[in-house]
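Secondary and tertiary structure notes
So the chains spell out like this:
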Amino acid sequence: MTPTQVLDASSIDRAALILREGGLVAMPTETVYGLAACIDRPKALRAIFAAKGRPADNPLIVHCADVADLDAIAVLDERARRLAALLMPGPLTMVLPRREGIGDDVTAGLDTVAVRVPAHTLARALIRAAGCPVAAPSANISGRPSPTTAEHVLADLGGRIDAVLDGGPCSEGIESTVVGLLGPDAVLLRPGALPASTIEALLGVPLRRAGISDGGSPGLRYRHYAPAAAVELVNTENELEKRKQQLEHEGRSVYVVVPSAATLYADLRMGDLLQADRILVLCDGTIRRNEALLNRLMKAAEPFTHDTTAGHD
Ligand code: AMP
Ligand code: MG
């Protein structure tokens, strides 16, 4: 096992060199830590899938340092230009027609590509120094909660990747909002850190909510965001207290989480570190109104009944 180097802001050039030479570097973004490889290094792109245990049919998001760089990757229509001008850099990913030269290793063979410009200074400095956009999924083992600190990255991928750039905890703590702009409808493919209502206000139309059935994001097929312990959602504080007592009476160790977007993944990981049998999560009216948080909670609480050949995100 090669040790994973832990780098900080003073070592951006070193991290960029690792990327140029075809290595893998985990980088902080405002959403979660991403596992980056240069998009012109096919072997490195394949290594992302191997390091994460990610299914080969789940495409990667291309991260650019600046909005001006998006045109080389994707074809932007008028809607995409407006969203890019007003919301990027930021936690928005757009799925658009891909430019020639954007390979199947990035798009998993689709003729579309997902693009974003992260708002984190270190991520942008790294991409700029590498001189090439990077493809970057979340830097976790597929199926585990996304990493929001360098420690989370090392816990999952230590020894499997070349370096992690430590930028401290991610401010948003939940993944980007993914919007498809391919046909006449703008489609919400994944709720995320940017509220869908902000995008709807700027486009002047409601976003169509996509299910897997109507060809949403390939990543929606897989079980995500789950810790090892069983996750159970409860609706009120009263119910939470009752359920906790009941479970403890049965001899189970319980870890209680009052979730927020910024802390959910760290809390789920903490439940596992403490070897809880059950993670009880308060999911009251206020929490349910946060579409992205509710989406991740529902996924974390899904019973472990997936087909093991299908893999994870
Ligand atoms: P992550 O793996 O956490 O980076 O999440 C990336 C998400 O974007 C996954 O749900 C992917 O399936 C989705 N995605 C990436 N590229 C595309 C694309 N071309 N079309 C639809 N969804 C995409
Ligand atoms: Mg992910």
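Residues numbered from 1 in each chain as written. Chains lettered and ligands numbered in written order. Predicted model: local features only at pLDDT ≥ 70, side-chain atom pairs only at ≥ 80, totals over all residues. Heavy atoms only, no water.

**Here we look at the sheet that holds strand β9 (residues 177–180)**
Formally: Two strands pair if DSSP finds at least two bridges between them. Secondary structure elements are defined from DSSP: runs of H or I of at least 4 residues count as helices, runs of E of at least 2 residues count as strands, and each element is numbered from the N terminus.
Judged by pairing direction, the sheet is mixed, and its eleven strands sit side by side in the order β1-β8-β2-β3-β7-β4-β6-β5-β9-β10-β11 without closing on themselves. Pairing within the sheet leaves two strands with one partner each, and these edge strands are β1 (5–7) and β11 (208–209). As paired strands, strand β3 (residues 34–38) and strand β7 (residues 134–135) are joined by two bridges and run antiparallel to one another. When the bridges of β7 are listed, A37 appears paired with A135.

**Looking at the site of ligand 1**
We count it as follows: Proximity is defined per residue: if any heavy atom of the residue lies within 4 Å of a molecule or strand, that residue is considered near it. Polar contacts, as counted here, are pairs of nitrogen or oxygen atoms within 3.5 Å of one another; within protein the pair requires one atom able to donate a hydrogen and one able to accept it, and residues that are adjacent in sequence qualify only if both atoms are side-chain atoms. Per-residue and other accessible areas were derived by the Shrake-Rupley procedure at a 1.4 Å probe size, with only the shown protein chains allowed to occlude residues. For this classification, Asp, Glu, Lys and Arg are treated as charged, while Ala, Val, Leu, Ile, Met, Phe, Trp, Tyr, Cys and Pro are nonpolar and the rest, including Gly, are polar.
Every one of the 17 residues lining ligand 1 counts as a neighbour, but R54, N58, R190, S217 and G219 are closest to it. Contacts to ligand 1 include N58, whose side-chain N or O atom sits 2.7 Å from an oxygen atom. Side-chain polar atom of R190 to an oxygen atom of ligand 1: 2.9 Å apart, as the coordinates give it. Alone, ligand 1 offers 500 Å² of accessible surface; in the complex the protein occludes 96% of this. Of all the elements, strand β6 (residues 112–116) adds the most residues to the shell around ligand 1, at three residues. Taken together, the residues that form the shell around ligand 1 break down as nine nonpolar, five polar and three charged.

**A short note on the packing of helix α1 (residues 12–20) against helix α5 (residues 121–130)**
Stated precisely, the cut-off is as follows: Angles shown run from 0 to 180 degrees and are taken between the N-to-C directions of axes, each axis being a line fitted to C-alpha atoms and, for helices, limited to the stretch in contact. In what follows, roughly perpendicular refers to angles from 65 to 115 degrees, roughly parallel to angles under 35, roughly antiparallel to angles over 145, and oblique to any angle outside these ranges. Each crossing is labelled by how the near helix is turned from the far one, with a counterclockwise turn of less than a right angle marking it left-handed and a clockwise turn marking it right-handed. We call two residues in contact whenever any of their non-hydrogen atoms come within 4.5 Å of each other.
At a minimum axis separation of 8 Å, α1 and α5 run at an interaxial angle of 55 degrees. Compared by their axis directions, α1 and α5 come out oblique. The handedness of the crossing between α1 and α5 comes out as right-handed. Contacts between α1 and α5 involve I12, D13, A15, A16, L19 and R20 from the former and L122, A125, L126, A129 and A130 from the latter. Across the contact of α1 with α5, the residue classes tally to nine nonpolar, no polar and two charged.

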